[in-house]
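Below, each chain spelled out in residue letters.
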Amino acid sequence: MSNRFLRWVDTWIEENIPPGANSDIESHEVKTKRLSEKLFAEAAAANFTNFETEEERERVTSRVLAAVSDSRDFDIDAYHLKSQLARENEDGD
């Protein structure tokens, strides 16, 4: 298990899939597949090995599906506050 890769995945999901952002144009599965492939392409560009990404492929895909399937109403102010708090907590470690 690559914790470094999974932390990167969580950050990628937060930056690329805001809650409630899925429209009805694509099914959740189609959007998950498209975004997962984009994530893995960016992971390769970020110098993660094939071993790291393949080892976590199933876990990552389920995380992307959960983010895509989130149907809550999107509150941009709450999202910005959550992001700001996450950055402050990360800086304090």
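Residues numbered from 1 in each chain as written. Predicted model: local features only at pLDDT ≥ 70, side-chain atom pairs only at ≥ 80, totals over all residues. Heavy atoms only, no water.

An unreviewed UniProt entry lists the protein under the name DUF768 domain-containing protein, with Nitrosospira multiformis as the source organism.

The nonpolar side chains of soluble globular proteins are, as a tendency, buried together. Among the nonpolar cores identified, the biggest contains 15 residues, and F5, I13, I17, L39, V60 and V64 are the most heavily contacted of them. Taken together, the elements giving at least two residues each to this core come down to α1 (3–16), α2 (28–45) and α4 (57–69). In terms of residue count, α1 provides more of this core than any other element does, 5 residues in total. (Core = buried A, V, L, I, M, F, W, Y, C linked by side-chain atoms within 4.5 Å. Buried < 20%, exposed > 50% of the residue type's maximum accessible area, 1.4 Å probe, protein only. Helix = DSSP H or I, 4+ residues; strand = E, 2+ residues; numbered from the N terminus.)

Below, the discussion takes up the packing of α1 against α4. The description of two packed helices rests on the angle between their axes and on the distance between the axes. At a closest axis distance of 11 Å, the pairing of α1 and α4 adopts a crossing angle of 20°. When the axis of α1 is compared with that of α4, the two are roughly parallel. Judged by the sense of rotation from one axis to the other, the crossing of α1 with α4 is right-handed. For the pair formed by α1 and α4, the contact residues are F5, L6, V9, D10 and I13 on the first element and R59, V60, R63, V64 and A67 on the second. Residues that form the contact of α1 with α4 fall into these classes: 7 nonpolar, no polar and 3 charged. (Axes fitted to C-alpha atoms, helices over the stretch in contact; angles between N-to-C directions. Parallel < 35°, antiparallel > 145°, perpendicular 65-115°, else oblique. Left-handed = near helix turned anticlockwise from the far one by under 90°. Contact = heavy atoms within 4.5 Å. Nonpolar A, V, L, I, M, F, W, Y, C, P; charged D, E, K, R; others polar.)

Evaluated as defined, the whole model comprises 4 aromatic pairs. Between the aromatic rings of F5 and W8, the centroid separation amounts to 6.0 Å while the plane-to-plane angle is 20°, which identifies the pairing as stacked. Highlighted residues: F5 and W8, both in helix α1, separated by 3 residues, approximately one helical turn. With a centroid separation of 5.0 Å and 65° between ring planes, the pair formed by F5 and F48 is classed as edge-to-face. Of this pair, F5 sits in helix α1 while F48 sits in the loop between α2 and α3 (50–55); the two residues are 43 residues apart in sequence, bridging distant segments of the chain. (Phe/Tyr/Trp six-rings, centres within 6.5 Å; stacked < 30°, edge-to-face > 60°.)

A few words now on α2. Taking 1.5 Å of rise per residue, 18 residues should cover 26 Å, and α2 covers 25 Å from first to last C-alpha, within 8% of that figure. Where the residues of α2 are buried, they touch α1, α3 and α4. Backbone geometry just after α2 places N47 at a positive phi near 70°. (Expected span 1.5 Å × (residues − 1).)

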